[in-house]
Structure formats: structure tokens, C-alpha cells
Amino acid sequence: MSTYYQPMKYPASTFESMAATDDALPVVVVGAGPVGMGVALGLAQRGIPVTVLEAADQVSFGSRAICISRHSLEVAARLGFGAELEKIVLPWVGGRSLYRDQQVLHFQMRNADHDVRPPMVNVSQSEFEQIMVDTIEANPLITLHWAASIAGVLRSDDEVTLEVDTADGTRHLRARWVVAADGGRSRMRELAGIRMQGNNYDGRYVIADIHWESELPAERTVWFDPPSNPGSTIIMHKQPRDIWRIDYQLDPSEDAELETREDRIRDRITRHLEWLRNDLPWTLEWHGFYSARALALEDFTHGRILFAGDAAHLVPIFGVRGLNSGMEDAETLAWQLAAVVNGSANPDLLQSYSVERHDAWRQNIANAGKSTLIMSPGSHGYRTTRDAILALSVTRPEFSHLINPRQSSATNARLSPLTWPTPADSSGVAPGDPVEDRRVVTRDGTETTLNMLRGSGFAVLGMNVDAAALATAAATLAGALAPESVRAILIGSDVAAASVAVVPDADGGVVATLGARDGEVFVIRPDGLLLCRIDGIARIDDVVRHLGQGDAPVGATTAVAGGPTIDPAELRRENVWMGLSDALDQVAGSDREGFLTRLALVLGSQVGQREFEEAVAAATDLALTVPADADAGAAVGA
């Protein structure tokens, strides 16, 4: 019996047009996907009524985005639906890639003892959205209208009028601010007359969900050129309740319309599962089609219309950055728009949202783009080097890092107008970086987490500072940002303090992670990013002033390493891969062999005879060119 999730349908909403004498709605969100609903929940947390318009009569159907990152789980917790979400997800920590039937990569994401959540979980986007809808329906400040599609937009300096098609006819709503979160085919973007710019990749993928009671582990498994589907790339992910997501690549010569017929999809999947020695029945539950795109608006703010999620930017599927990046958009936009609506900041603050999230898109593209060049190389040069990397990785594992999918991780806002310069001689977390959640123990012995202590608003962390002064600083910030919440957390001390959470940090884990010094104060934004680290509580008045202005002090920023240290040898191989690929694309087709021969002569003359002979042997190993056995053998489940 199938366990595939079937979302419920909602009756079309009924509402009247607003009169000219009615006060404009504070915020209207167009689109009840994860991003639009995330914005609505974040605004409602801050006391702002929100109206959400959704053209459909249910949440999305099918898996669509299934991989939810640790950071997105943190966002869900802060927005109030994390606990319900975490009840149904399937955690995983790594994956493997195979070339034909040979494993060429096994990766593990960070999963330390102090981590509160797994690095990645799987759940269908449909279920993710339904939990958000249920949370919204319980919130009296949010009104969600189903079957209400946008037909027209009229903009003025101080409000936006929306023409809405409903089951009862055309209705008109006026709003001070409109958030356009209506997806990759955004009607709001079309009506605003703006277009995204960037790249379309050649890779096309069929996506299918099947019900299959397999005992294979929950991990990301990829086959390049598998004997079951020669020349293709196949990705498999396990979801809750024995649902499996299978993505497979179409050859450029194949007709997408023909290959997305159910009989062709069943045939492809049958061949692969039989190769995996499957003798279990399975059913096809849902299928879709995908092509990789890396596109974005130049600016995410257009007057009083603010774009977020896929309406603002698109990223390739590889590395699972679409929904995860969209949830970052939602949380960042929610607190910044709330500050403007509530009058604690001027509208210039919203330009920070645009700058930050556009740069975040660039960060995602930098990683997803490399993954896409491996998964769906769109040129002769990149196809040639991709195939060579896969072949070499069978016997030369040092090349396997180039196949790494570079799974989604939280982006930074180091280039944001709000982010303060990094103090000299700093280590650890730089302003603009995400502050990781971790398990901590408070002074009274309560086991909790840093995010639970921080809450959903701002936090002021003091490192062995005076507790009373820290409480006063937090109160000052709260007064300026009201009704935004601000919490004070004292790290590394064991004194009792009113209005301050005290974390003795006996093992020094928090201090080490932050790279903190005694006397430093860290101000963390509601979206979990570090706004600034300052020496002394007295500078909190400067923080208040700059937040109100939507800027940061001018000053030199000390370089602080962002993320894990990159192995110089790995960086060198990556540069060689991309440089050689580009060079092959620039060489005339008739001269490619000559070019490679000349290149080998130049490079070979720079190493010793033994090194050159070893390189020739590695490149001519006949084992690399022998087709794989059609038997899957130990291809999976090892």
C-alpha cells in the first residue's frame, strides 16, 4: 500500500475588495510556498498582520525540494514549526558516488557531538509546506487566501494595489508592502516588467518518486554512466515512509516530451532497480522535469515590492540550495521588513536585504555551479575533463574531491551594508557569518542550546563581562528595536544575574567556536548571523545608531578564514580541472589532440622522468577504459 503524501485541498477563499477609505494592509505576501509562508510567520512573530495570497488550492504536490539543511531546520525552529517538522524527517549524514559500478567518492558532512541537529534531513516539500500551513492557520495575525491569483499590479510611492482573481470575481487589495514569493514562474515579476539574468545549463533531469520498501541506507547515491542507463547520471535519495526520489539525466539528443511519458520513466527505473538486484515491487507515485538554471534579479527590492525565493533567484538543483536559500531569504526579509513597518528603521534597511541575498545567491552559484559542471557538463571541454576525473578517481582517489556535491551550508553576509568590520587580530566567527547552534549547559544545570537561549530575535553575548552591564546593553538595544526581542547571554562566567542567561562554558566550546576574547561582546541578528563583535559593552549605543540608519561603521576588515581550510593540493587540482576545461573549449575541434600533446610536453618537461612515467601510466591504465560488468555486485549497500 502506498504511503505517498497526498495534500488536502482547500475551498476557494471569499473576501471583499478594500474601499478607498480603508487603511492599506501592512504586508501582503504573494505565494504560499515555503518562502512566502516563512516571511509571513516571521512578520507575525513581530506583531505585524499579514495577508497571504496563493493561486492554488493546496500546497505543492510531489517531493520537489527534499533535502533540508541543518541551518534550515534552525530557521524552522525560530519561525515556530521546527518541532513538528523534525518529527517526520529522515536524517542523513553523507553519500557516495560511483563511476559505472566502481565507488569513486564517499563523503561525510559534519556531525559533531555538540551539534543539535543532523547536517541534512529528507522530507517532501509538500509535507514541509503543509506543516507551515498548519502553523499559519493557528496564528491569528495571518490570513491565508486560497485560489487567489494576481491579475494586475498598480504601484504608487506609498502603497501597492493588487488586482486579485478569485472564485467570486475580481477583488482589489491595497498594501503598504508586497512580498513577491510566487516562485520561478513569478507572475509578480512578469507584471513588474523585470527579468532575471544569468545562465541556463544544458543538463535536463527527469525526477520521479517511487514507493519501494528497500533496506538501502538513507544517503545521497549517484551513479555516473551506470550499466543500467549508459551515458546517464542517476541520483537516489530515500525519503520517509519508504519513498525514494530518483533523478536521472537525459542525453541532449533525447526528446524530453517523449522521455517524460510514464512508460519511459518506468522503463528507466526498472532497468536501474533490476541492476541493483531488486526483487521488491515498487510503484511510481509522482514525476517531474528539471533543467539547471542560475538566474537572479539584479535587485530584489523594487519600490514597495520585495522579491524573495525563486521569484528573486534560481540556483541549480545540485547541492540542494533552492529551498534552503529561500528559507534564509524569508528569515532575513522578515526581521528587516518588520523593523521598517514597526518604525524602528527607515526603508533604506531593505536595500541591505537585497545586497545580502544577492551576494548569497552568488555564493550558492559558486558552489552549485561547480557541482553542475560535474553533474551536467555543458560543453565538450567540461564533458571530457569530467569523464577523465571519474576514470582517474577509480584508482587515484585524490581526484575524488572534485566530484563532491558541495552540499548546502548557510551563506554569509560579510558584504552586507549592516555588517561591521572584523576587529584586528580576530579569529573564529567573523561579522556576517552564521553563528552555529550548539548544545550548552546553563548555570543552573539546564541542558539547552545556544539558539534556544537566543530565541527568535537579537542576542547580545558577553564574554566574561559584567552581568548587570550586559543586561542594560540588551535593554538599550531592545528599546530601540521594539517590539523586536533582545536577549542577553553571559558566556564563561558562573555568577547569577537577573535578565541574563548564564552559560559557564566549562569545556570552552562556545568561546573556542566564536574565537572570543574576554570582554568582547557579540551581537547576533535574528537570522543567526553575527552583526558585530565589539570590545566593551559601552559601544552598544553605536550598534543602535547604525541599525537605525541601515549601515555599519567604516573601517578595515581583518581577513578571517570562512569555513574549512582548503587543502592547497585540492585547490590546485580544481584550478587545473577548470582551466583545462576552458582551454579545451577554446581550442579548435581539429586541434584538440595536438593541444593536449603540446600541453603534456610542456608540463612533462617540468618534472622528473620517474614522475612523468608514473603520470603516463596513470593516464593510460587500461583498467580505466574497460566497460563495467553489467552486474551491480557490491555497487550499493556496502
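Refer to the preceding data block for the structure.
Scope of this entry: the structure provided in the associated data block. (Residues numbered from 1 in each chain as written. Predicted model: local features only at pLDDT ≥ 70, side-chain atom pairs only at ≥ 80, totals over all residues. Heavy atoms only, no water.)

We now examine the nonpolar core. Phe81, Leu162, Phe307, Leu337 and Val543 are the most contacted members of the largest nonpolar core, which totals 105 residues. Examining the composition of this core, we find that ten residues originate from one element, helix 8 (residues 322–341), more than from any other. Ignoring any residue separated from it by four or fewer positions in sequence, one finds Phe307 in contact with Ala180, Ser186, Met188, Arg189, Ala192, Ile194, Leu297, Phe300, His302, Ala312 and Tyr353. Ranked by size, the runner-up nonpolar core spans 32 residues in total, among them Phe107, Met120, Tyr290 and Phe318. (Core = buried A, V, L, I, M, F, W, Y, C linked by side-chain atoms within 4.5 Å. Buried < 20%, exposed > 50% of the residue type's maximum accessible area, 1.4 Å probe, protein only. Helix = DSSP H or I, 4+ residues; strand = E, 2+ residues; numbered from the N terminus. Contact = heavy atoms within 4.5 Å.)

Here we take up the packing of helix 9 (residues 349–375) against helix 15 (residues 568–586). Contact geometry for helix 9 and helix 15: axes closest at 13 Å, N-to-C directions at 60°. As the angle between them shows, helix 9 and helix 15 are arranged oblique. In the packing of helix 9 onto helix 15, the handedness of the crossing is left-handed. Residue-level contacts link Lys370, Leu373 and Ile374 of helix 9 to Glu574, Trp577 and Met578 of helix 15. (Axes fitted to C-alpha atoms, helices over the stretch in contact; angles between N-to-C directions. Parallel < 35°, antiparallel > 145°, perpendicular 65-115°, else oblique. Left-handed = near helix turned anticlockwise from the far one by under 90°.)

An order of 3-7-4 is seen for the three strands of this open sheet, with the pairing classed as antiparallel. Strands with a single pairing partner mark the edges of an open sheet, and in this sheet they are strand 3 (67–69) and strand 4 (90–92). Neighbouring strand axes in the sheet, compared pairwise and without regard to direction, differ in orientation by 35° on average. Pairing between strand 3 and strand 7 (residues 120–122): three bridges, direction antiparallel. Residue pairing for strand 7: Ser69 is matched across the bridge by Met120. (Pairing = 2+ DSSP bridges.)

Between the first and last C-alpha of helix 1 (residues 34–45) there are 16 Å, a value that for twelve residues agrees with the 16 Å anticipated at 1.5 Å per step. Helix 1 sits mainly inside the fold: eleven of its twelve residues count as buried. Residues Pro34, Val35, Gly36, Met37, Gly38, Val39, Ala40, Leu41, Gly42, Leu43 and Ala44 constitute the buried set of helix 1. Where helix 1 ends, the next residue or the one after it, Gly47, has phi of about 80°, a positive value. (Expected span 1.5 Å × (residues − 1).)

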